[in-house]
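# Examining the three-dimensional arrangement
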Amino acid sequence: MCGIVGYIGKRNVVDVLIKGLETLEYRGYDSAGIAVNSDNEIKVYKKIGKLINLKNLLEEKKNEINNVTMGIGHIRWATHGGATDINAHPHTCTCGKLVVVHNGIIENFKELKEDLIKKGCVFRSQTDTETIAHLFAHEYGKTHDLTLAVKKGLEQIKGAYAICVMHKDEPDKIIASRKNAPLVIGVGEGENFIGSDIPAFIEYTKKAIYLEDGEIAVVKENSLEFFDANLNKIEKKIEQLPWEPVALSKLGFKHFMLKEIHEQPDVIRNVLNGKLFDIDEPIVLDEVKIDKESLKNLNRIEIIACGTSLHAAMVGKFLIEDFTGIAVDVEASSEYIYRKTVTNDKTLVIGVSQSGETADTITAIRQAKDKGAHVLIITNRPDSSMARYADSLIPVSAGIEISVAATKSYTAQVLSFYLLAIKLAEIKGTLSPEYMKNLKHELIQVPVKIEEILNNKEQIKKVAKKFANFRNFIFIARGINLPTALEGALKLKEISYINATGYSAGELKHGPIAMLDETMPVLSIMIPGGVTYDKILSNSEEAKARNARLIALTSSKDENLKDIFEDVITIPEIPEMLSPIVANVPCQLLAYYIAEFLGKDVDQPRNLAKSVTVE
Ligand code: AGP
């Protein structure tokens, strides 16, 4: 989605802004722009499309960009008004002296706009953001104080925002503020940075200050001042960022997605580190504040998430119900927030989110908190807005994920659910010590099994090459691997635009079977040793009888499978209960290689955004 960068200092401002925007590109966008204070004028450059278009424009105009002291930049993912040069940010007021970039949505922009037009403001774009520029400029006209004007303007705005504002007549400062959209200040020496996410400035500083909702920052070259929404001065803590800039590099892989798929064994080791010491030791989840007493008080668990995180949640439901007997519901956040839910103070609500900034999930979590639920957040970003609402937290520690298609964060979320479900079973005493020991032993083996799959990619590449030109694809599974089928299909459609769908294998004959013929590949995920293998095999036979092109993803060594399946993708042996965490990896690779054969933009698929900050 949209991204913001701001800089004030002695470096080449345009370079810092463009580099910052490049690091945010992964979020998905359709236009880009910057505004600089150059020769004491506010100059704005913006262009539809990828950053290269903006760079070309800046190259053309380089002679008019001189003596630049500060600047703000933005990449836009269109919400109000199409993707055009004019709708791209930054937006200025009528006289062009005040300029703003904005992430989020201004809900009352129509009323504000009508009023501002009556007052003489001339609007050029169809965006809600332009309203902010005119509103602040109108307030500035009364006070001639940018900080006060921003405060007065923000009081009139309803909605979500992260903003950066500059004014020609106050060339020593950028004003930044946020509400329900992230914004971070990067603290430098003789320079300061602003970013909607840390990558925007991690190359220059590892010190950051997170703004809270309603706070206003006055960012100058040699100073930082912070105020609450009433302009009372406040003190803020400087945090040391754990990231190295190298986390943002592809490290020799062609795409971030491929790199992130390969990072998964280490991610798992990292997640287990400090949480699972030994098969005889209890699971340690330091920030989960649930004990025997509070668990007694619980009558159900609700897990809320979107997209890939929703699929991890489905695995979580299966595990928690199986290990503890507690009833678990899983729901898409976007559905949860628009109905009368029965959440109350006897409910544990688990929010799952890679980014921790997904608007639907944030709203759902807020609603759950208002109803008195204990909120547990599973996120890859313990510095996110969602983490701030958490009563309990499981940081999934997958490291920054750049590719829009989530891979390693999914694996880390699924693993976190194993740890949580075992932990809850330990508290409740619902699993035998032997069974738990075995689970823990198997979890520790998972990284090696994934390494085996990664070392044996050729089998998957071959299948990808063969099926890359099919327009449809079905993934089937049952039980704990149904989410694996849904996630496999989501991954394939996200990056290759193939119409891929995941079904419960048992549901195939209740409708989808009508679609089957020789143009339809069906990938069956079947893990022997459990209750579903034989059933999925029968369901696959039914598909074969309708001429579908069958692929098996299995740990079975049964040679007879070659009589039924055209291709067999083999994974290492693993108990069915643990298999989702391993079986998902070949699906990720299949999606990757198909998209790669089709020449798609793997890391930044069309229309998608890494973190969806609008409802
Ligand atoms: C994953 O590949 C997708 N890009 C998307 O479905 C994502 O999982 C969803 O938008 C939820 O994001 P979150 O985990 O950051 O909340």
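The structure presented is a predicted model; accordingly, all values stated were derived computationally and were not measured. (Residues numbered from 1 in each chain as written. Predicted model: local features only at pLDDT ≥ 70, side-chain atom pairs only at ≥ 80, totals over all residues. Heavy atoms only, no water.)

Before going further, it helps to spend a moment on the nonpolar core. Ile301, Ile350, Leu420, Phe473 and Phe475 are the most contacted members of the largest nonpolar core, which has 95 residues in total. Of the residues forming this core, the biggest block, 13 residues, is contributed by helix H13 (residues 408-428). Residue-level mapping places this core at the junction of two domains, with at least three residues from each of domain 2 (249-452) and domain 3 (458-597). For Ile301, the contacting residues outside a window of four places in its chain are Ile320, Ile326, Ala327, Val328, Asp329, Leu348, Ile350 and Leu424. Counting residues in hydrophobic clusters, the runner-up holds 35 residues, among them Leu17, Leu57, Leu58 and Phe256. (Core = buried A, V, L, I, M, F, W, Y, C linked by side-chain atoms within 4.5 Å. Buried < 20%, exposed > 50% of the residue type's maximum accessible area, 1.4 Å probe, protein only. Helix = DSSP H or I, 4+ residues; strand = E, 2+ residues; numbered from the N terminus. Domains from an automatic or database assignment. Contact = heavy atoms within 4.5 Å.)

Turning to the domain arrangement of the protein chain, a few remarks are in order. You can read the domains of the protein chain as domain 1 (3-247), domain 2 (249-452) and domain 3 (458-597). Domain 2 and domain 3 are separated by 25 Å when their C-alpha centres are compared. Taken together, the contact between domain 2 and domain 3 spans 31 residues of the former and 27 residues of the latter. Summed over both sides, the interface of domain 2 with domain 3 buries roughly 2600 Å², with 73% coming from carbon and sulfur. The interface formed by domain 2 and domain 3 holds one salt bridge in total. Across the pair Lys254 and Glu596 runs a salt bridge whose closest N-O atoms are separated by 3.0 Å. (Buried area = accessible area lost by both parts, 1.4 Å probe. Salt bridge = Lys/Arg side-chain N within 4 Å of Asp/Glu carboxyl O.)

Strand order in the open sheet formed by five strands is S17-S16-S18-S19-S20, with parallel pairing between adjacent strands. Looking at which strands have only one partner, the edges of the open sheet turn out to be strand S17 (328-332) and strand S20 (392-395). In this sheet, neighbouring strand axes are inclined to one another by 20 degrees on average, regardless of whether the strands run parallel or antiparallel. With six bridges connecting them, strand S18 (residues 347-353) and strand S19 (residues 374-379) associate as parallel partners. Paired with Ser353 across the strands is Thr379, a residue of S19. Seen against the sheet, helix H9 (residues 307-324) touches strand S16 (300-305), S17 and S18 and runs at an angle of roughly 175 degrees to S17. (Pairing = 2+ DSSP bridges. Axes fitted to C-alpha atoms, helices over the stretch in contact; angles between N-to-C directions.)

The final tally for this structure, using the stated rule, is three cavities of 30 Å³ or more. Its volume calculated, the largest cavity comes out at about 230 Å³. In terms of lining, the largest cavity is formed by 22 residues, of which the most central are Ser196, Asp197, Ser355, Glu357 and Arg381. The residue makeup of the lining of the largest cavity, split by class, is seven nonpolar, six polar and nine charged. Two domains each donate at least three residues to the lining of the largest cavity, and these are domain 1 (3-247) and domain 2 (249-452). (1 Å grid on protein atoms, 1.4 Å probe; cavity = no way out; pocket = protein on both sides within 12 Å on 5 of 7 lines; lining within 4 Å. Points joined across faces, edges and corners; volume = space filled by probe spheres on them. Nonpolar A, V, L, I, M, F, W, Y, C, P; charged D, E, K, R; others polar.)

This part is about the environment of Leu492. With respect to the helices, strands and loops of the structure, Leu492 is situated in helix H16 (residues 482-496). Once the C-alpha coordinates of Leu492 and Gln588 are considered, the two residues, 96 residues apart in sequence, prove to be 7.8 Å apart.

Counting across every chain of the model gives eight aromatic pairs. Ring centres 5.1 Å apart and planes at 75 degrees place the aromatic pair Tyr592 and Tyr593 in the edge-to-face group. Like Tyr593, Tyr592 is buried. Ring pairing ties together the aromatic residues Tyr7, Phe193, Phe201 and Tyr204, which thus form one cluster. Geometry around Tyr497 places Arg606 over its ring, the cationic atom sitting 3.9 Å from the centre. (Phe/Tyr/Trp six-rings, centres within 6.5 Å; stacked < 30°, edge-to-face > 60°. Lys NZ or Arg CZ within 6 Å of the ring centre and 35° of its normal.)

Glancing now at the sheet that holds strand S6 (residues 98-103). With antiparallel pairing, seven strands are arranged side by side in an open sheet as S5-S6-S7-S8-S12-S13-S14. Of all the strands in the sheet, just strand S5 (91-92) and strand S14 (233-234) have a single pairing partner and so form its edges. Here strand S7 (residues 161-167) pairs with strand S8 (residues 174-179) via five bridges, running antiparallel. Residue pairing for S8: Ala162 is matched across the bridge by Arg178. Helix-sheet contacts for helix H4 (residues 129-143) involve S5, S6 and S7, and the interaxial angle to S6 is about 140 degrees. Lying over the sheet, helix H5 (residues 146-156) contacts S6, S7, S8, strand S12 (216-219) and strand S13 (224-227), oriented at roughly 145 degrees with respect to S7.

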